[in-house]
Amino acid sequence: MNTTTRRGKLLRKGALITEGTVRLAEHDGKRLLHQHGVAIPRGTLLHAAPAKDAQGIFKAQVLEGGRGKRGLVRRSMTGEAPPIAAAIRAALGDETAPLLLEEAVPMAREIYLALRIDGTAQCIELLCAPEGGVEVEHAASLLRCGIEPEAPGVLETAYAALRAGFAPDLAARLARLALRLARILRDEDLDLLEINPLGLLPDGRLVACDAKLVRDDSAVFRHAAPALSAALEDAALTPLERRARDQGFQLVELEGGTVAMITAGAGLGMLMLDLLADAGCPAACFMDNANGGPAETMPDRLAAAFEIAARPEVKAIMFFTTLASRGLKARVDALAAALRANPPTKPFLAGIAAGHAALRGYPLDQARADLAAVGVAALHDNPHDLVRAVAAAVRG
């Protein structure tokens with residue numbers, strides 16, 4: 001599994017790239033849009049076998065994308081509904097998987113329209129492709145601009161950006177819709193609101209034929225939890241991932257990994273994930289802090305990593321953290337105590353990047369000696385040096 005695939009796995013499993021997020025299933029996302037006055041196709045959620053004469057489009061309700069290419073979205077004509085629904089559920093491995101049955105909407109054109117939080121610019125960004133659908137990732141370019149719902153001239157700004165790809169009347173209508181969606185994104189605490197495709201019907205109506213909504217999980221307390229999305233999120237967890245969640249941190253198991261990786265913080269975890277993949281010793285897991293979780297989860301993280309390391313394909317365990325002002329000695333003492341209580345069964349290599357304040361009165365050489373006494377094979381303060389040592393241990 002290459003780095004790009006692993007990043008996709010993390011996104012599908014709900015791990016964090018920047019901040020915590022909660023993904024909404026299509027059914028839940030469309031209900032939210034409908035509550036705000038956005039047009040959606042008529043549809044119903046099915047948990048049992050459909051009627052024989054049911055017609056429309058059957059859609060698997062899963063939290064990852066690419067359903068069309070996986071055969072999880074299929075159109076049914078009269079008499080075809082039961083076998084089509086059964087085939088989709090068989091592909092999912094769940095005979096009772098929820099399916100959304102929607103009316104088939106005649107589209108004269110498919111458009112991609114999305115709003116997202118641009119963390120760098122600290123604003124809402126509008127993105128639009130004149131040709132949407134399953135191949136939108138191959139679009140030559142995206143029309144884009146910053147959009148602040150209450151800013152003077154915001155409608156004119158959106159129109160100017162969209163006019164580059166649409167006729168004046170359609171660009172104006174899309175600008176108004178984009179402004180409405182930006183307000184929904186803000187009011188619903190969403191990080192992403194993506195409609196693909198946005199269907200332009202022959203009669204001129206714009207209908208959200210598919211929707212992907214992602215909410216900042218730090219704002220979940222302000223919103224009722226959609227039951228379907230919560231159930232799908234929980235069902236996607238492995239037993240070890242579920243246990244980690246209950247202990248107050250996030251864990252994602254990754255297939256084909258050779259290193260049980262222990263980190264804290266999404267950015268640091270993604271850095272080490274990429275470095276390990278580049279070194280030819282991919283990570284077998286990814287860890288991150290949970291919003292509102294306990295201050296100390298290291299013993300639980302170690303236990304989870306050791307459980308993963310017991311697998312024959314996993315050859316080493318890697319621990320890496322950074323310290324700005326928190327004392328290095330306290331971190332080393334806690335790590336040493338945890339390793340004495342639960343000794344590693346595979347080579348254990350550690351990295352601690354400590355700032356000047358963290359090193360006060362306790363040099364890194366002393367930390368190396370103290371950790372070597374409890375079985376740590378190496379301690380580095382540079383992530384590249386650590387990964388090279390891990391790669392050497394994996395290759396034996």
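Here is what the cut-offs are and how they apply
- Residues numbered from 1 in each chain as written.
- Predicted model: local features only at pLDDT ≥ 70, side-chain atom pairs only at ≥ 80, totals over all residues.
- Heavy atoms only, no water.
- Disulfide = S-S within 2.5 Å.
- Phe/Tyr/Trp six-rings, centres within 6.5 Å; stacked < 30°, edge-to-face > 60°.
- Helix = DSSP H or I, 4+ residues; strand = E, 2+ residues; numbered from the N terminus.
- Buried < 20%, exposed > 50% of the residue type's maximum accessible area, 1.4 Å probe, protein only.
- Salt bridge = Lys/Arg side-chain N within 4 Å of Asp/Glu carboxyl O.
- Core = buried A, V, L, I, M, F, W, Y, C linked by side-chain atoms within 4.5 Å.
- Axes fitted to C-alpha atoms, helices over the stretch in contact; angles between N-to-C directions.
- Parallel < 35°, antiparallel > 145°, perpendicular 65-115°, else oblique.
- Contact = heavy atoms within 4.5 Å.
- Nonpolar A, V, L, I, M, F, W, Y, C, P; charged D, E, K, R; others polar.
- Pairing = 2+ DSSP bridges.
- Arc of directions from axis to C-beta.

(A) Representation of the state of the cysteines in the model. What the rule picks out here adds up to zero disulfides. No disulfide involves Cys 145; its sulfur sits 8.9 Å from that of Cys 123, the nearest cysteine.

(B) The arrangement of the packing of aromatic side chains in detail. For the structure shown, the criterion picks out one aromatic pair. Judged by centre distance (6.2 Å) and plane angle (85°), the ring pair of Phe 306 and Phe 348 falls under edge-to-face. With Phe 306 in helix H9 (residues 298-309) and Phe 348 in strand E16 (residues 348-354), this residue pair connects regions lying 42 residues apart in the sequence. No difference in accessibility class separates Phe 306 from Phe 348, as the two residues are buried.

(C) The pattern of salt bridges, seen in detail. What the rule picks out here adds up to 26 salt bridges. The residue Glu 103 makes a salt bridge to Arg 42 at a minimum N-O spacing of 3.2 Å. A residue pair is termed long-range when its members are at least 10 positions apart, and Glu 103 in the loop between strand E5 (99-102) and strand E6 (109-118) and Arg 42 in the loop between helix H2 (26-35) and strand E2 (43-46) qualify at 61 residues. Its relative accessible area of 28% is what places Glu 103 among the partly exposed residues. When its relative accessible area of 63% is taken as the criterion, Arg 42 is described as exposed. Its salt-bridge partner being Lys 59, residue Glu 102 comes within 3.1 Å of it at the nearest N-O pair. Here Lys 59 lies in strand E3 (residues 56-60) and Glu 102 lies in strand E5, a separation of 43 residues in the sequence.

(D) Geometry of the nonpolar core. Counting 38 residues, the largest nonpolar core has Leu 33, Leu 126, Ile 147, Leu 162, Phe 166, Leu 181 and Leu 193 as the members making the most contacts within it. Considering every element that reaches this core, the biggest residue donor is helix H5 (residues 168-187), with eleven residues. Membership of the second largest hydrophobic core comes to 37 residues, among which are Ala 260, Leu 302, Phe 319 and Ile 352.

(E) Main features of the packing of helix H10 (residues 328-341) against helix H11 (residues 364-372). Two numbers describe how H10 lies on H11: the axes approach to 10 Å, and their chain directions differ by 10°. What the angle tells us is that H10 and H11 run roughly parallel. Counting all contacts with H10, which are made through Leu 328, Val 332, Leu 335 and Ala 336, the residues of H11 involved are Leu 364, Ala 367, Asp 370 and Leu 371. For the contact of H10 with H11, the residue count by class is seven nonpolar, no polar and one charged.

(F) Region of interest: the sheet that holds E5. Taking strand neighbours across the sheet as the criterion, the four strands line up as E2-E5-E3-E4 in an open arrangement whose pairing is antiparallel. For this open sheet the edge positions go to E2 and strand E4 (73-76), each flanked by a neighbour on one side alone. On average, adjacent strands in this sheet sit at an angle of 25° to one another, irrespective of strand direction. Across four bridges, the pairing between E3 and E4 is antiparallel. Paired with Phe 58 across the two strands is Arg 74, which belongs to E4.

(G) Here's a closer look at helix H7 (residues 239-247). If you check which residues of H7 are buried, you get Leu 240, Glu 241 and Ala 244. One side of H7 holds all its buried residues, which, seen down the axis, span an arc of 100°. Facing away from the buried side of H7 by over 90 degrees, the exposed positions are Pro 239 and Asp 246. Positive phi shows up at Gly 248, right after H7, with a value of about 105°.

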